[in-house]
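Chain by chain, the residues:
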Amino acid sequence: MRYDLNLLPVFLALMEERSVTRAAERLGTTQPALSNALTRLRTLLQDPLFVRERYGMQPTARALALAPQIAQALGVLDGIVLGQQAFDPASADQLVTLAANSYMEFALVPAIAARLREQAPGMRLRLTPYGTDLAETGVVSGTTALVLGRIVDAPDNLVVQHLGDDGLACMVRAGHPGVGTRLTKKVYEQLRHVNVLPPGRLRAGLFQALDRQGLKREVAVSVTHFLAVPEIVAMTDYCTTLPRLICQRLAHDTRLQVLPAPVDLGTFPLHMGWHVRYRDDPAHRWLRTLVAQVAQELVGEEAGGRPDAAGAAAKPSAPVAARLRPRR
């Protein structure tokens, strides 16, 4: 029997997006073309596959049963075909989808984009959100190339790499009347704070770190993205506690002053994850290496220059390969 293998990635994209429009955007095609592919899928598999409901398209029981088998089959085919291909980044012409949490999108993705512009100008990035559900990012099925963020309890078909660790620092407006060159615990607790509530585990991590140190905050404003913080802090006497890489990005703003946290709030890991089917794909392997190098450079630069480093040089990171942790 003859059938079009190109229909299988369409099926997986629809399984995750539950929307023809979003699936078409993810695959870089038009909505009519994807609708036509869905019609052919229904004929091929002799099932409606997806039923339109008020809040999106819901998969049928047959679609749910087929999804893991199709994902596994595509992984085998990719390993056979892609593993034999050479990759030249200078001549590459492709769209790469990354799922990044708000921290990674702000702290890491700009440097990744700049590096791609230098080494692979034909590669284009598309960002999709990563909150708390890995399945919604597309990385579990392999339609998204990489997920960047905090990855906990990854499924068996995901490979997770530890990129480095970041810590926390504080920021107030320059010339703040109640803060000098050092932020004490007493002053920290007297100030009112701007709090970031991004989706995912970073929020819980900060609260837990404050609790462990017995550090109290009076939150004046809660926002949902790091980009909202600098303007609020620059216009008020509020304080904020953010990842050090975020503070480093904002330190060029002369209206702001970055200071070490009054107590050690610990660190949190930076993770990169990808579907096991891409393990031997030359283009994907090249991209993973680039992302890992960028992350290590940023973390090393931040560690060597942060206010509480006391001028000491950052210790070299462990080799990337030593921290590669495949999920089995």
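Residues numbered from 1 in each chain as written. Predicted model: local features only at pLDDT ≥ 70, side-chain atom pairs only at ≥ 80, totals over all residues. Heavy atoms only, no water.

Peer 1: I keep staring at the confidence of the model for the chain and nothing clicks. Help me out?
Peer 2: Of all residues in the chain, 86% attain a pLDDT of 70 or more, and the chain-wide mean is 83. Scored below 50 in pLDDT, residues 304-328 makes 39 contacts in the model with residues more than four places away or belonging to other chains. (pLDDT = per-residue confidence, 0-100. Contact = heavy atoms within 4.5 Å.)

Peer 1: Even after reading the chapter, I still don't get the packing of helix α2 (residues 20-27) against helix α3 (residues 31-45), so can you show me in this structure?
Peer 2: Where α2 meets α3, the closest approach of the two axes is 9 Å, and the angle between their N-to-C directions is 105°. Classified by the interaxial angle, the pair formed by α2 and α3 is roughly perpendicular. Residues Val20, Thr21, Ala23, Ala24 and Leu27 of α2 touch α3, and the partners they reach there are Gln31, Leu34 and Ser35. Per-class residue counts for the contact of α2 with α3 are five nonpolar, three polar and no charged. (Axes fitted to C-alpha atoms, helices over the stretch in contact; angles between N-to-C directions. Helix = DSSP H or I, 4+ residues; strand = E, 2+ residues; numbered from the N terminus. Parallel < 35°, antiparallel > 145°, perpendicular 65-115°, else oblique. Nonpolar A, V, L, I, M, F, W, Y, C, P; charged D, E, K, R; others polar.)

Peer 1: What is the right way to look at the packing of aromatic side chains in this model?
Peer 2: The way to describe two aromatic rings as a pair is by their centre distance and the angle between their planes. In this structure the tally under the stated criterion is three aromatic pairs. Taking the centre distance of 5.5 Å and the plane angle of 50° together, the rings of Phe87 and Trp286 count as tilted. Here the residue Phe87 occupies a position in the loop between α4 (61-82) and β3 (94-100), and Trp286 occupies one in helix α11 (residues 282-305), the gap between them amounting to 199 residues. With 5.4 Å between their ring centres and 75° between their planes, Tyr103 and Phe268 make a pair best called edge-to-face. With Tyr103 in helix α5 (residues 102-107) and Phe268 in strand β12 (residues 268-275), this pair connects stretches of sequence that are 165 residues apart. The same class applies to Tyr103 as to Phe268, namely buried. (Phe/Tyr/Trp six-rings, centres within 6.5 Å; stacked < 30°, edge-to-face > 60°. Buried < 20%, exposed > 50% of the residue type's maximum accessible area, 1.4 Å probe, protein only.)

Peer 1: What should I look at first to understand the sheet that holds strand β9 (residues 218-223) in this one?
Peer 2: The mixed open sheet is built from five strands, whose spatial order is β9-β8-β10-β7-β11. Single-partner strands in this sheet number two, and they are β9 and β11 (256-260). This sheet shows a mean twist of 35° between the axes of neighbouring strands, independent of strand direction. Taken together, the two bridges between strand β8 (residues 192-196) and strand β10 (residues 239-243) define a ladder with parallel strand orientation. From the neighbouring strand, His193 faces β10, where its bridge partner is Cys239. (Pairing = 2+ DSSP bridges.)

Peer 1: How do you make sense of α2 when you look at a structure like this?
Peer 2: One turn of an α-helix holds 3.6 residues; hence residues three or four places apart share an orientation. Considered for burial, the residues of α2 that qualify are Val20, Ala23, Ala24 and Arg26. Viewed end-on, α2 has its buried residues packed into an arc of 160°, placing them on one side of the element. Buried positions along α2 lie against α1 (7-17), α3, β2 (56-59), β3 and β4 (123-129). For α2, the N-terminal cap is Ser19; the gap from its side-chain oxygen to the backbone nitrogen of Thr21 is 3.3 Å. (Arc of directions from axis to C-beta. Polar contact = N/O pair within 3.5 Å; in protein donor to acceptor, adjacent residues only side chain to side chain.)

Peer 1: What should I look at first to understand the nonpolar core in this one?
Peer 2: By size, the foremost hydrophobic cluster in this structure holds 67 residues, and its most contacted members are Tyr103, Leu108, Leu148, Leu163, Leu183, Leu242 and Val291. Of all the elements, α11 adds the most residues to this core, at nine residues. Beyond its immediate stretch of four places on either side in the chain, Leu183 contacts Cys170, Tyr188, Leu191, Cys239, Leu259, Pro260 and Pro262. Ala24, Ala37, Leu45 and Leu49 belong to the second largest nonpolar core, which has 25 residues in total. (Core = buried A, V, L, I, M, F, W, Y, C linked by side-chain atoms within 4.5 Å.)

Peer 1: I tried to follow a nonpolar patch on the surface on my own but got confused; where do I start?
Peer 2: Together, Tyr3, Leu5 and Leu77 line one region of the surface with nonpolar side chains, adding up to about 280 Å² of accessible area. Looking at where Tyr3 falls in the secondary structure, it is placed in the segment before α1. (Patch = residues over 30% accessible without salt bridge, like charges linked within 9 Å, V, L, I, M, F, W, Y side chains within 5 Å. Areas by Shrake-Rupley, 256 points an atom, 1.4 Å probe, with all protein chains shown as cover. Salt bridge = Lys/Arg side-chain N within 4 Å of Asp/Glu carboxyl O.)

Peer 1: Help me out: how do you make sense of the state of the cysteines in this one?
Peer 2: Each disulfide consists of one covalent bond between the sulfur atoms belonging to two cysteines. Going through the model one piece at a time under the given rule, you end up with zero disulfides. There is no disulfide at Cys170, and the cysteine sulfur nearest it, in Cys239, is 4.5 Å away. (Disulfide = S-S within 2.5 Å.)

Peer 1: Help me understand unusual backbone geometry in this model?
Peer 2: Backbone phi values are negative for most residues with the exception of glycine, while trans is the configuration of most peptide bonds. Although it is not a glycine, Arg18 adopts a positive phi angle of roughly 55°. In this fold, Arg18 is placed in the loop between α1 and α2. On the basis of relative accessibility, which here comes to 25%, the residue Arg18 falls in the partly exposed class. Even without a glycine there, the phi angle at Leu49 is positive, about 70°. Within the secondary structure, Leu49 is located in the loop between α3 and β1 (50-53).

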